[in-house]
Amino acid sequence: MKIGIFGDTHDYLPNIKKAIEIFNDEDVDLVIHCGDFVSLFVIKEFKNLNSNIVAVYGNNDGEREKLKEWLLEIDDNNIIADFHSLEIGGLKFFITHGHYKEILDLAINSKLYDVVIYGHTHKKVFETVDKTLIINPGECCGYLTGEATIGILDTKEKSYREIIL
């Protein structure tokens, strides 16, 4: 299974459009958004995405109920919450924005998950801690680091490919 991963889009429509186009071209089975969509208007772009979205709220996401409503209007299989603990492609995932570091650290150190995905720091991470794959795709917006990145996880190979926008 191929999973597109991105986050910290922070309203930057040009890169959101690029990411969606790449995910569609790569024929990903699912997209994970690590939070910080920021404004509601960006959700309209996700109508162009050919897969479902598993998303978490970031610390900059306002209008949380509307955000959820609009994602569900696109497809009622899309989900968004503060965090997710779920199985995808035979692997156990924990997904959070990461702004509650204590929760992130607990998930990483719990040994309950095959993959922990987060955002918030805008810093790319791809490492293994006690057999748990830790991924932060960096920032799709490119505002803080000057480098806009997304990624694709292959659950079968447990491999991650970074894509610079």
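Throughout this description, residue numbers start from 1 for each chain and increase along the sequence as written. The model is predicted, so local features are restricted to residues of pLDDT at least 70 and side-chain atom pairs to those at 80 or more, both for listing and for counting; the totals for chains, interfaces and linings are taken over all residues. Side-chain figures throughout are based on the complete set of non-hydrogen atoms in the structure, without hydrogens or water.

Undergrad: Before we go on, may I ask you to explain the pairing of strand 1 (residues 2-6) in this structure?
TA: Note on strand geometry: in a regular strand, side chains alternate between the two faces of the sheet. Of all five residues that make up strand 1, four are buried, and the element is covered over most of its length. Strand pairing is assigned whenever DSSP detects at least two bridges linking the two strands. Each helix is a run of H or I in the DSSP string that is no shorter than four residues. Each strand is a run of E no shorter than two, and both are numbered from the N terminus. Alignment of strand 1 against strand 10 (residues 149-154), held across four bridges, turns out to be antiparallel. The residue of strand 10 that forms the bridge with Ile3 is Leu153. Pairing between strand 1 and strand 2 (residues 30-33): four bridges, direction parallel. Looking at the pairing, Ile3 lines up with Leu30 of strand 2. Working definition: with a 1.4 Å probe on protein chains only, accessible area under 20% of the residue-type maximum means buried, over 50% means exposed, and in between means partly exposed.

Undergrad: Help me understand the nonpolar core in this model?
TA: Side chains that are nonpolar tend, in soluble globular proteins, to be buried together. Each nonpolar core is a collection of buried residues, namely Ala, Val, Leu, Ile, Met, Phe, Trp, Tyr and Cys, held together in the definition by side-chain atoms within 4.5 Å. Residues Phe6, Phe23, Phe37 and Phe46 are the most contacted members of the largest nonpolar core, which totals 23 residues. Within the residue set of this core, elements represented by two or more residues are helix 1 (13-25), strand 3 (52-56), helix 2 (64-74) and strand 10. Of the residues forming this core, the biggest block, four residues, is contributed by helix 1. Once residues lying within four places of it in the same chain are set aside, the contact partners of Phe37 are Thr9, His10, Asp11, Val42, Ile43, Phe46, Ala55, Val56, Asp61, Leu67, Leu71 and Ile80. In this structure, Ile3, Leu30, Val115 and Ile117 belong to the second largest nonpolar core, which totals 18 residues. Note on contacts: a residue pair qualifies if any of its non-hydrogen atoms lie within 4.5 Å across the two residues.

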